[in-house]
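# Structure assessment
Read off the chains here:
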Amino acid sequence: MAPNLENSGTAFLVVCLAGLSTGIGASVVFEPRMVKLASKPVLAAGLGFSGGVMMYVSFAEIFPESRTLFEHHGLKPAMAYFWATFCVFAGMLLLRMMAFVVHLLDKDEVHEGQAPHEIEAAKNGANENNETTENTPADAEAGKVEERALSPRREAKHLKTIGLQTALAIAIHNVPEGLAGYVGTLNDPSVGITLSVAIAIHNIPEGLCVALPIYYATGSRVKGFAFALFSGFAEPVGAVLAWAIIKGTGEDMSYAVYAVLFGVVTGLMIMITLDELIPVALRYDPNNKVTVNCMVVGMAVMAASLCLFQV
């Protein structure tokens with residue numbers, strides 16, 4: 001029997017909770033001392049763990065399910081494998097197109113690879129430079145005067161722009177994550193919940209990246225927190241999109257619709273891992289001291305959960 005919407009309520013709940021986890025990261029603006037705990041190794045470990053979970057479940061659970069559903073739809077095994085594979089690469093292409101849009105919105109990508117306390121240090125350092133740096137007459141006469149630091153107003157505007165661009169970029173790429181979590185939970189709540197936990201883990205530093213620049217730019221902790229929370233609301237949007245696709249077929253138990261969705265979700269999760277989680281983790285951890293190890297741990301946790309639910 002094909003998956004159906006019987007678990008829809010659970011699926012929406014776990015996706016919403018995963019999206020709201022951006023608020024956990026953003027909440028550190030209410031206690032600045034917590035910012036220093038979000039060190040590069042900690043962030044790299046969390047991203048590596050999340051990548052391991054998503055990569056393992058993609059190949060071990062969701063892709064095989066797509067192929068099986070194509071077979072139940074009436075395709076021969078060879079053609080079922082072909083179309084499942086096609087859907088995987090279609091999902092990968094879809095995420096690359098979305099990444100291109102995100103790049104246009106966030107060309108500088110200043111926030112990536114910076115630990116939260118470094119954003120704070122950079123902001124404070126810029127303000128100190130504003131107070132102490134003066135241009136010499138020789139520089140002025142030579143026409144080589146350089147603005148060594150932004151004025152306080154321009155600095156605030158720049159930080160606010162970074163925060164807003166980051167919020168919009170993260171919101172866009174959270175849509176396929178919500179779709180993945182929803183479809184995974186429909187098929188198997190245990191798998192979907194584990195997947196959503198992995199998504200929630202890597203949403204925490206994303207919340208930090210949105211909240212801190214806006215907080216430092218506006219002086220409002222509430223605004224920083226609110227914009228970070230907004231970026232996480234895109235995940236339920238992805239869940240609603242998946243639900244609409246399924247309901248749009250007019251039958252909850254369409255093998256073909258689920259087969260396509262599972263294949264596309266596999267591609268989305270592979271590309272989220274390869275194009276976002278691991279590269280950013282390695283920027284936090286350039287010597288790869290924790291990233292791959294934590295990725296393997298994530299795979300092991302996902303494998304263990306799947307084994308336990310087979311018993």
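Above this note sits the structure.
Bear in mind that the values here come from a model prediction, so they are computed numbers and not experimental data.

Counting secondary structure elements, the chain contains 12 helices and zero strands. Beginning at the N terminus, the succession of helices and strands in the chain can be written as α-α-α-α-α-α-α-α-α-α-α-α. Classification of the 311 residues of the chain by burial places 48% in the buried group. Residue pairs in contact within the chain that sit at least 24 positions apart in sequence constitute 83% of those at least 6 positions apart. Total accessible area on the chain stands at roughly 14800 Å², and carbon and sulfur atoms take up 65% of it.

Let us look at the side chain of Ser-8. Relative to the assigned elements, Ser-8 resides in helix H1 (residues 8-20). Under the relative-accessibility criterion, Ser-8 is labelled buried at 11%. Side chain to side chain, Ser-8 and Tyr-182 meet in a polar contact 2.9 Å long. The contact partners of Ser-8, leaving out residues within four places of it in the chain, are Tyr-182, Leu-186 and Trp-243.

The next subject is the packing of helix H3 (residues 40-72) against helix H12 (residues 291-308). Running from amino to carboxyl end, H3 crosses H12 at an angle of 45 degrees, the nearest separation of the two axes being 6 Å. Classified by the interaxial angle, the pair formed by H3 and H12 is oblique. Classified by chirality, the crossing of H12 by H3 is right-handed. For the pair H3 and H12, the contacting residues are Ala-44, Ala-45, Gly-48, Phe-49, Gly-51, Gly-52, Val-53, Met-55, Tyr-56, Val-57 and Glu-61 in the first and Thr-291, Cys-294, Met-295, Val-297, Gly-298, Met-299, Val-301, Met-302, Ala-303 and Leu-306 in the second. Broken down by class, the residue content of the contact of H3 with H12 amounts to 15 nonpolar, five polar and one charged.

Despite not being glycine, Asn-288 has its phi angle at roughly 55 degrees, a positive value. In this fold, Asn-288 is placed in the loop between helix H11 (255-284) and H12.

The rules behind the values
Residues numbered from 1 in each chain as written. Predicted model: local features only at pLDDT ≥ 70, side-chain atom pairs only at ≥ 80, totals over all residues. Heavy atoms only, no water. Helix = DSSP H or I, 4+ residues; strand = E, 2+ residues; numbered from the N terminus. Buried < 20%, exposed > 50% of the residue type's maximum accessible area, 1.4 Å probe, protein only. Contact = heavy atoms within 4.5 Å. Areas by Shrake-Rupley, 256 points an atom, 1.4 Å probe, with all protein chains shown as cover. Polar contact = N/O pair within 3.5 Å; in protein donor to acceptor, adjacent residues only side chain to side chain. Axes fitted to C-alpha atoms, helices over the stretch in contact; angles between N-to-C directions. Parallel < 35°, antiparallel > 145°, perpendicular 65-115°, else oblique. Left-handed = near helix turned anticlockwise from the far one by under 90°. Nonpolar A, V, L, I, M, F, W, Y, C, P; charged D, E, K, R; others polar.

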